Amino acid sequence: MKFSARLKTVESQTSAAPALDLVRAWREMLLIRRFEEKAAQLYGMGLIGGFCHLYIGEEAVTTGVLSAMRPEDSCITSYRDHGQMLMMGMDPKGVMAELTGRIGGYSKGKGGSMHMFSVEKHFYGGHGIVGAQVPIGTGLAFAHRYKNDGGVCVTFMGDGATNQGQVYESFNMAALWKLPIVYIIENNQYAMGTARKRHAAGDQSQRGEAYGIHGHKVDGQNVSQVYAAALEAIEQARSGKGPVLLEMDTYRYRGHGMSDPAKYRTKEEVDQWKDQRDPIETLRARLLKDKLASEENLKSIEKEIKKIVTDAATFAQESPEPDPSELYTDVLSDASI
Amino acid sequence: MTIEILMPALSPTMTEGTLARWVKNEGDKVCSGDVIAEIETDKATMEVEAADEGVIGKILIPAGSQGVAVNTPIALLLEEGEDSAALDQHQSKTAPMAPATESASAPAVVSSSPVSAPVADDKTYAHYKTLTVREALREAMGEEMRRDENIVLLGEEVAEYNGAYKVSQGLWDEFGDKRVIDTPITEMGFAGLGVGAAFGGLTPIVEFMTMNFAMQAIDQIVNSAAKTRYMSGGQMGCPIVFRGPNGAAARVAAQHSQCYASWYAHIPGLKVIAPYDSADAKGLLKSAIRDPNPVICLEHEMLYGQSFELPDDEDFTAPLGKARIMREGSDVTIVAFSRMVGHALEAAEALVAEGISAEVINMRTLRPLDTDTIVQSVMKTNRLVAVEESWPFAGIGAEIAAQMMEHAFDYLDAPMVRVHGADVPMPYAANLEKLALPQPSDIIEAVRTVCYRKAA
């Protein structure tokens with residue numbers, strides 16, 4: 001199989017690289033899942049409105065990729081963004097309070113699920129238009145190179161976004177100018193309700209080849225493999241050799257958004273992913289088998305995560321709604337020029 | 001029969017140029033396609049090729065001649081078998097292009113004329129100089145790029161080609177590949193890249209070859225550049241300038257002749273400027289580059305080559321959000337932006353003969369609109385005409401009408417009248433194109449209407 005051979009290369013080449021802390025990775029993935037489950041619960045209670053795209057099932061992708069980043073790197077993604085924000089070190093309270101539209105949210109409640117940013121943590125959104133984050137990420141990479149700050153921009157997009165023209169406009173410029181960027185396709189098998197085989201011709205991991213952007217397919221449910229591939233890709237982009245593309249084979253357990261019953265796929269298909277390739281369960285078994293952690297260790301992590309998420313949910317309900325005077329603020333900067 | 005070789009037009013808007021050099025001399029034989037001369041405009045140098053075979057009989061315009069009008073005979077070509085005696089019998093049948101449109105004659109009402117000197121709000125400077133609008137825009141970018149090394153210019157043909165309309169001429173030479181960047185023809189891509197670069201701490205100036213092509217990029221301008229400050233609760237802004245020629249050029253038809261003023265002015269989170277003269281161009285663009293918000297700079301191709309006086313001072317800027325009274329008057333207010341300011345000034349000058357004193361306001365910024373200046377003027381004149389090149393429906397004039405209902409209703413002695421482009425896609429035919437665009441005569445007629453006057 002073509003991609004496993006490539007992955008072997010990836011793993012062997014990065015043998016000297018810092019190893020992924022698997023216990024920590026498990027913790028991060030668990031945080032994302034429990035956070036998302038809580039978000040779904042609050043949505044059901046009417047506390048979160050509008051669009052809310054959950055990351056459940058895809059946790060290994062953002063966890064593995066962002067574990068390979070350095071502090072000077074930046075990240076941008078689409079509207080399925082809660083996982084990235086938590087992994088970038090943003091406060092779960094601020095994220096959850098944004099979901100509930102409260103003043104304590106990262107955007108003072110004005111952005112919502114799809115529009116959160118943290119300049120401090122180098123997270124540049126949270127973008128609601130499919131594919132629009134790709135040229136923006138390319139521009140962040142342009143700024144890294146211009147300022148010579150050694151940073152790389154990691155730009156996520158879904159498999160659906162790979163059919164947008166602006167993605168290829170970006171590939172062209174990034175390759176032409178050898179920008180420090182890694183493009184990550186989170187292939188969760190569905191562009192909203194349209195299965196990958198019905199929306200994307202050819203092999204999506206190879207969509208950059210014509211521009212000289214080498215692409216690799218990665219098992220997106222295996223956090224170690226994601227990490228290894230991302231580390232190599234990020235360091236290659238950092239070295240000035242230009243962009244790299246990684247296609248993460250993953251799966252979202254929930255619908256596209258909260259109102260999507262996901263009737264376009266079978267229960268058997270979903271169960272197969274959940275039962276055989278769940279990133280958290282798989283890693284849990286490995287941690288125990290390899291004696292990297294005890295049941296007790298993991299239980300205490302679960303307890304800790306539960307508290308973080310409960311606290312976030314409490315904060316998100318207690319934080320007040322933005323004052324009506326906030327309606328007209330933050331449209332323009334009135335900083336004197 | 002002797003053939004006239006005519007001064008060619010290099011672009012749809014060229015009316016005259018310099019005959020830089022003759023490549024062929026009198027007596028030389030030429031074949032069709034041979035380069036016979038070089039001509040120059042402020043935008044470009046181009047070779048003139050022979051269209052017919054023959055011998056150059058006589059050079060009518062010597063090398064180095066400036067201001068040669070398009071269609072002026074520059075040489076006579078003898079066809080095979082003809083001798084030089086034919087030259088003596090030659091009578092020119094071709095009329096050189098008259099300074100074609102109202103715009104070309106507009107310099108009569110610009111800087112050299114006292115009526116256009118900045119009135120009211122602008123402070124005075126010790127020294128003034130004359131620049132074309134193109135040079136003024138270039139000077140604004142050059143000065144700002146010297147001041148702040150985080151400013152970059154990117155767009156199609158901005159670097160090595162020196163700008164499709166030569167606005168960026170010389171900037172690549174000065175600032176190099178790192179800061180003046182030729183992009184592929186990929187508007188949505190490089191507009192989004194500019195937004196990302198702004199998020200990442202740079203101040204990009206994104207040039208669209210014309211604003212018509214920015215429609216490809218409008219999602220990035222509206223959804224990514226304009227809304228991010230709000231969507232981030234004020235945490236992150238997008239300091240960027242999108243600029244390029246907007247509105248009708250000349251004879252380029254429907255897809256290349258559109259004014260986007262009301263499109264962008266509609267969007268909270270954007271500032272929109274539309275310079276008329278060189279002082280506006282330099283002063284507003286400098287302020288736009290320094291502004292922490294995304295700014296759309298709507299330039300006008302027909303104004304690029306026009307010369308105006310402006311302050312000769314590196315500290316000169318023009319404030320955003322502030323209109324400029326170009327000419328004071330007491331009977332009627334004419335409010336306009338971009339090229340239509342020239343038409344309004346021309347109309348105001350002509351109206352003097354009818355005993356009508358018109359005040360002309362150059363809006364300069366369309367968002368935020370300087371409603372106060374318009375209201376103050378209307379309180380004085382009690383009559384208002386709004387002029388725009390674009391379509392009327394949901395246009396800038398419509399917005400001004402609404403603002404006047406809200407803020408100056410009791411001061412109006414007549415319903416406001418809008419002068420605007422015809423509500424059709426821009427036609428190609430010269431006569432139809434002229435009919436589609438507001439002319440000074442339309443403004444004069446509108447002023448008569450609001451003043452309840454008949455033509456003199």
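Here the structure is shown first, and the text comes after it.
**Re the overall build of chain A**
Step number 1: Scanning chain A from terminus to terminus reveals twelve helices and seven strands.
Step number 2: Against the 2.2 N^0.38 benchmark of 20 Å for 337 residues, chain A shows a C-alpha radius of gyration of 19 Å, consistent with a compact globule.
Step number 3: By principal-axis analysis of the C-alpha atoms, chain A measures approximately 60 × 55 × 40 Å.
Step number 4: Looking at chain A residue by residue over its 337 residues, the buried ones come to 56%.
Step number 5: A fraction of 75% describes how many contacts in chain A between residues 6 or more apart in sequence connect residues 24 or more apart.
Step number 6: When the accessible surface of chain A is totalled, it reaches about 13,900 Å², and 52% of it is carbon and sulfur.
Step number 7: Between the mean site of the 40 positive side-chain charges and the mean site of the 43 negative ones, chain A shows a separation of 4 Å.

**A short note on the sheet that holds strand β4 (residues 35-40) of chain B**
Backbone hydrogen bonds are what pair the strands of a sheet, in a parallel or an antiparallel way.
Residue and element names in this part refer to chain B.
Step number 1: Here four strands make up an open sheet; going across it, the order is β5-β4-β2-β7 and the pairing antiparallel. Either end of the sheet is taken by a strand with one partner, and the two such strands are β5 (45-49) and β7 (65-69). Taken over all neighbouring pairs, the strand axes of this sheet differ in orientation by 40° on average, direction set aside.
Step number 2: Judged from the five bridges that link them, β4 and β5 form a sheet pairing that is antiparallel. Within β5, the residue paired with A37 across the bridge is V48.

**Things to note about the pattern of salt bridges**
Residue and element names in this part refer to chain B.
Step number 1: Here the structure, examined in full by the defined rule, presents 44 salt bridges over all chains.
Step number 2: In this structure, R147 engages E144 in a salt bridge whose closest nitrogen and oxygen atoms are separated by 2.5 Å. With R147 and E144 both in helix α3 (residues 133-147) and three residues apart, this pair spans about one turn of that helix.
Step number 3: Classification of E144 by relative accessible area gives buried; the value is 1%.
Step number 4: Linked by salt bridges that have partners in common, K129, E139, E143, E144, R147, K282, K286, R290 and D312 make up one network.

**Observations regarding the sheet that holds strand β6 (residues 54-59) of chain B**
Residue and element names in this part refer to chain B.
Step number 1: Pairing in this open sheet of four strands is antiparallel, and the strands run β1-β8-β6-β3 from one edge to the other. What marks the edges here is a single partner per strand, and that holds for β1 (3-6) and β3 (29-30).
Step number 2: Here β3 runs beside β6; their pairing, made up of two bridges, is antiparallel. In the strand pairing of β6, V30 is matched with G54.

**Looking at the side chain of S390 of chain B**
Step number 1: Mapped onto the fold, S390 of chain B is located in the loop between β21 (384-387) and α13 (396-407).
Step number 2: A relative accessible area of 10% means that S390 of chain B is categorised as buried.

**Concerning a negative patch on the surface**
Residues and elements named next belong to chain B.
Step number 1: Together, D52, E53, E79 and E80 make up a region of like negative charge exposed at the surface.
Step number 2: Structurally, the position occupied by E79 is in the loop between β8 (73-78) and α1 (85-89).
Step number 3: Taking relative accessible area as the criterion, E79 reaches 33% and is therefore assigned partly exposed.

Cut-offs applied
Residues numbered from 1 in each chain as written. Chains lettered and ligands numbered in written order. Predicted model: local features only at pLDDT ≥ 70, side-chain atom pairs only at ≥ 80, totals over all residues. Heavy atoms only, no water. Helix = DSSP H or I, 4+ residues; strand = E, 2+ residues; numbered from the N terminus. Rg over C-alpha atoms; globule rule 2.2 N^0.38 Å. Buried < 20%, exposed > 50% of the residue type's maximum accessible area, 1.4 Å probe, protein only. Contact = heavy atoms within 4.5 Å. Areas by Shrake-Rupley, 256 points an atom, 1.4 Å probe, with all protein chains shown as cover. Lys, Arg positive; Asp, Glu negative; His and termini not counted. Charge placed at Lys NZ, Arg CZ, Asp CG, Glu CD. Pairing = 2+ DSSP bridges. Axes fitted to C-alpha atoms, helices over the stretch in contact; angles between N-to-C directions. Salt bridge = Lys/Arg side-chain N within 4 Å of Asp/Glu carboxyl O. Patch = residues over 30% accessible without salt bridge, like charges linked within 9 Å, V, L, I, M, F, W, Y side chains within 5 Å.

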